Amino acid sequence: YWQQGLVRAANTPDFRLDPRLKKLIDATLGNASWANAHKYFQTARFSLTHGDFHASNMFVFGKNGDFRLVDWTEVGLMEPAVDVAQCVISDLHHSDFKKAVPPLIDIYHRALLDNGVPDYSLKECRADFHRLAIEKWYSIAIAPSPFVF
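**As for the overall build of the protein chain**
Reasoning step 1: Assigned secondary structure in the protein chain consists of seven helices and four strands.
Reasoning step 2: Ordering the α and β elements of the protein chain from the N terminus gives α-α-α-β-β-β-β-α-α-α-α.
Reasoning step 3: In terms of its C-alpha atoms, the protein chain occupies a principal-axis envelope of roughly 50 × 40 × 30 Å.
Reasoning step 4: Scored against the burial criterion, the 149 residues of the protein chain give a buried share of 25%.
Reasoning step 5: Taking as baseline every contact in the protein chain between residues at least 6 positions apart, the subset at least 24 positions apart corresponds to 63%.
Reasoning step 6: Summing over all exposed atoms, the protein chain offers an accessible surface of approximately 10500 Å²; the carbon and sulfur share of this is 61%.
Reasoning step 7: Mean positive and mean negative side-chain charge positions of the protein chain (16 and 17 charges, respectively) differ by 6 Å.

See below:
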């Protein structure tokens, strides 16, 4: 579908794909294999995740900041940081990323440790967050594109 999307994009006057993004997606898809998928599923961490974690799916109650999540249609087993990544790419303006993301990851990592997640370094958490943000953005914005051109 990626190649079909590229052909359609080339024929769509208002569509511009950053060459760096194309290179990243080409490399990612070029590394896709059954062996790599098997290795990933043997080594990745999984947990129950919301799957569509952003402000429109949160209701805040009272003045103490308690909130409830709604719209659990995308719930599943995924890597835990995917929900934080989804929230960031959905709800933060890109100009705020550099300032807001590092402390957010620190808070998230501390919450994981406080709730019993063992053997997960802050470095691993940061790397997972950045990778998952790209993957989530890809699944939202790029992967469906052959169907919408």
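**Observations concerning the pairing of strand E2 (residues 58-61)**
Reasoning step 1: In this sheet, strand E3 (residues 66-69) lies alongside E2 in antiparallel orientation, the contact comprising four bridges. Paired with Phe61 across the bridge in E3 is Asp66.

**Remarks on the environment of Gly30**
Reasoning step 1: Here Gly30 is to be found in helix H2 (residues 19-30).
Reasoning step 2: In sequence terms Gly30 and Lys136 are 106 residues apart; their C-alpha atoms lie 18 Å from each other.

**Quick notes on the nonpolar core**
Reasoning step 1: Formed by 14 residues in total, the largest nonpolar core has its most connected members in Ala85, Val101, Ile105, Tyr108, Cys125, Phe129 and Leu132.
Reasoning step 2: Those elements giving two or more residues to this core turn out to be helix H4 (81-91), helix H5 (97-114) and helix H6 (122-142).
Reasoning step 3: With five residues, the single largest contributor to this core is H4.
Reasoning step 4: Setting aside its immediate chain neighbours within four residues, Ala85 contacts Phe129, Leu132 and Ala133.

**Notes on a nonpolar patch on the surface**
Reasoning step 1: Together, Phe41, Phe46, Leu48, Trp72, Val75 and Leu77 make up an exposed nonpolar region whose accessible area comes to about 660 Å².
Reasoning step 2: Here Leu77 shows up in strand E4 (residues 76-78).

The rules we used
- Residues numbered from 1 in each chain as written.
- Predicted model: local features only at pLDDT ≥ 70, side-chain atom pairs only at ≥ 80, totals over all residues.
- Heavy atoms only, no water.
- Helix = DSSP H or I, 4+ residues; strand = E, 2+ residues; numbered from the N terminus.
- Buried < 20%, exposed > 50% of the residue type's maximum accessible area, 1.4 Å probe, protein only.
- Contact = heavy atoms within 4.5 Å.
- Areas by Shrake-Rupley, 256 points an atom, 1.4 Å probe, with all protein chains shown as cover.
- Lys, Arg positive; Asp, Glu negative; His and termini not counted.
- Charge placed at Lys NZ, Arg CZ, Asp CG, Glu CD.
- Pairing = 2+ DSSP bridges.
- Core = buried A, V, L, I, M, F, W, Y, C linked by side-chain atoms within 4.5 Å.
- Patch = residues over 30% accessible without salt bridge, like charges linked within 9 Å, V, L, I, M, F, W, Y side chains within 5 Å.
- Salt bridge = Lys/Arg side-chain N within 4 Å of Asp/Glu carboxyl O.

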